[in-house]
Amino acid sequence: MKQPDREHLWNRIIVAVLLVAFTCLLPVAGQSQTNAGYAGSFLRMGLGARGIGMANTLPAGSQDVYGFFYNPAALPTLESRHFGTTYGFLPLDRSYNYIGFAMPLPPTAGIGLGWFSTGVDDIQGRDFSGKKIETYSVRQHTYMISFGNRFSKYVSVGALLKIMRNDLQELAATGVGFDIGAVIQPHQRIALAVSAQNFNAKFSWNTEDVYSQGSTVINDFPLIFRIGGQVQVLDNLDLYGEYERSDRGAVVFRGAAEYAPMEMVRIRAGVADGHLRFGGGLEYGFFGPVENTSMDYAFVPGLVGEGISHYFSWSFQF
């Protein structure tokens, strides 16, 4: 009986070493191009305080109401229904809200629904001479429906449909995109994953009805490919690593860790593009039909001059 345990331990050590190697490559990512300036930046902020606090390093998703955003193939791992919401306190007059629901579809599938909203208020407008005029607001809404199915004991596949709308004063742009993903779990403590995001995703702006010389402008989202893995090195320690590349040439290496010093407590940290993030959470039982609930927090220092962002999530399992 000892030999299989030793073999599994070595497998976990090998994967852990590979993830550490990913982390050592993180500084290299800062030398590459970025997706900054391209459409769809609100989707690249991440979803939920747990994922954001781990630098969005959830290649195989997670067993909650946020996991299908990172990889829809995570849905078959759900064992009960989940409801959750997230609110962000962001600088520069920005807003961030999410509400979602996910549930298993026995015997081998799962489904997830969600609404994700971001925006910026009090944008100072100026005329051609630079004189201040009125202030503007911009807001993006994303409506998501996702489905995943487990095709064997080791392999699950999923897809996510995103219906998006961008409001800027009297103008509005809409778009539809979809993601696909797969998770391979060769061992109960190891998961490998691949995903491709933003197929067909774009905003189409038509200003012909607003301006006499208006036109139609299409802003394509970068197509993003992600590959990574996660391993439970110890009973209370999980490591995550991920490589991301977009069709615009941007490369990002991510790494994260989640530590449980106590049964109810989670401490998290993540790094991407050389930028650190932190977070934590509490998981505890509830009353009535609610089996469990969790409260999560993420701390994002932000870039120079951007300011600190705080994210709070509250989710229920029933």
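Note on numbering: residues in each chain are counted from 1, in written sequence order. Since the coordinates come from a predicted model, pLDDT governs what is reported: local features require at least 70, and pairs of side-chain atoms require 80 or more to be given and counted, while whole-chain, interface and lining totals use all residues. To obtain the side-chain values, all non-hydrogen atoms of the structure were used and water was disregarded.

Peer 1: Quick one: what's the story with the overall build of the chain, residue by residue and with numbers?
Peer 2: Only DSSP runs of H or I covering at least 4 residues are called helices, and only runs of E covering at least 2 are called strands; the numbering of each starts at the N terminus. Tallying secondary structure elements over the chain gives four helices and 16 strands in all. In the chain, which comprises 318 residues, the proportion classed as buried is 46%. Excluding contacts between residues fewer than 6 apart, the proportion of contacts in the chain whose partners are at least 24 apart in sequence is 51%. Computed with the Shrake-Rupley method and a 1.4 Å probe, the accessible areas treat only the protein chains shown as cover for residues. Total accessible area on the chain is roughly 16300 Å²; 62% of this is exposed by carbon and sulfur atoms. The classification of residues rests on relative accessible area computed with a 1.4 Å probe and restricted to protein chains. Under 20% of the type maximum is buried, over 50% is exposed, and intermediate values are partly exposed. Residues are treated as being in contact if the distance between any of their heavy atoms lies within 4.5 Å.

Peer 1: Lay out the side chain of Ser117 with the relevant residues and their values.
Peer 2: With respect to the helices, strands and loops of the structure, Ser117 is situated in strand β3 (residues 109-126). For Ser117, the contacting residues outside a window of four places in its chain are Ser95, Tyr96, Asn97, Arg139, Gln140 and His141.

Peer 1: Lay out the pairing of strand β8 (residues 202-206) in plain terms, naming residues and giving numbers.
Peer 2: Alternating positions in β8 separate cleanly, Phe203 and Trp205 being buried on one face and Lys202, Ser204 and Asn206 remaining unburied on the opposite face. Where β8 lies against strand β9 (residues 216-220), five bridges are found, and the strand directions are antiparallel. In the sheet register, Trp205 faces β9, and the bridge partner there is Val217. By definition, two strands form a pair when at least two bridges between them are found by DSSP.

Peer 1: A description of the nonpolar core should follow, citing residues and the corresponding values.
Peer 2: The tendency in soluble globular proteins is for nonpolar side chains to be buried as a group. The set of buried Ala, Val, Leu, Ile, Met, Phe, Trp, Tyr and Cys residues whose side-chain atoms join them within 4.5 Å is what this entry labels a nonpolar core. Formed by 35 residues in total, the largest nonpolar core has its most connected members in Leu47, Tyr96, Tyr98, Met144, Phe221 and Tyr311. Going through the elements one at a time, α3 (49-53), α4 (67-70), β2 (94-105), β5 (155-168), β6 (171-187), β8 and β15 (292-300) are the ones with two or more residues in this core. What Leu47 contacts, discounting residues up to four positions off in sequence, is Ile52, Asn56, Tyr66, Phe69, Tyr70, Tyr96, Tyr98, Phe116 and Met144. Among the nonpolar cores identified, the runner-up in size contains five residues, and Ala60, Ala73, Val183 and Ala193 belong to it.

Peer 1: Now, about the environment of Ala102: what can you tell me, with residues and values included?
Peer 2: With respect to the secondary-structure elements, Ala102 resides in strand β2. By relative accessible area, Ala102 is classed as buried at 0%.

Peer 1: Tell me about the packing of aromatic side chains, and please be specific about residues and values.
Peer 2: Think of it this way: a Phe, Tyr or Trp ring, Trp meaning its six-membered ring, pairs with another when their centres are within 6.5 Å, and the plane angle makes it stacked under 30 degrees, edge-to-face over 60, tilted otherwise. Applying the stated criterion across every chain yields a total of 16 aromatic pairs. Centroid distance Phe89 to Phe312: 5.8 Å. Interplanar angle 85°. Geometry classified as edge-to-face. Taken together, the residues span a long stretch of sequence, with Phe89 in strand β1 (residues 82-89) and Phe312 in strand β16 (residues 309-317) at a distance of 223 residues. Its relative accessible area of 46% is what places Phe89 among the partly exposed residues. Here Phe312 falls in the partly exposed class, since its relative accessible area comes to 40%.

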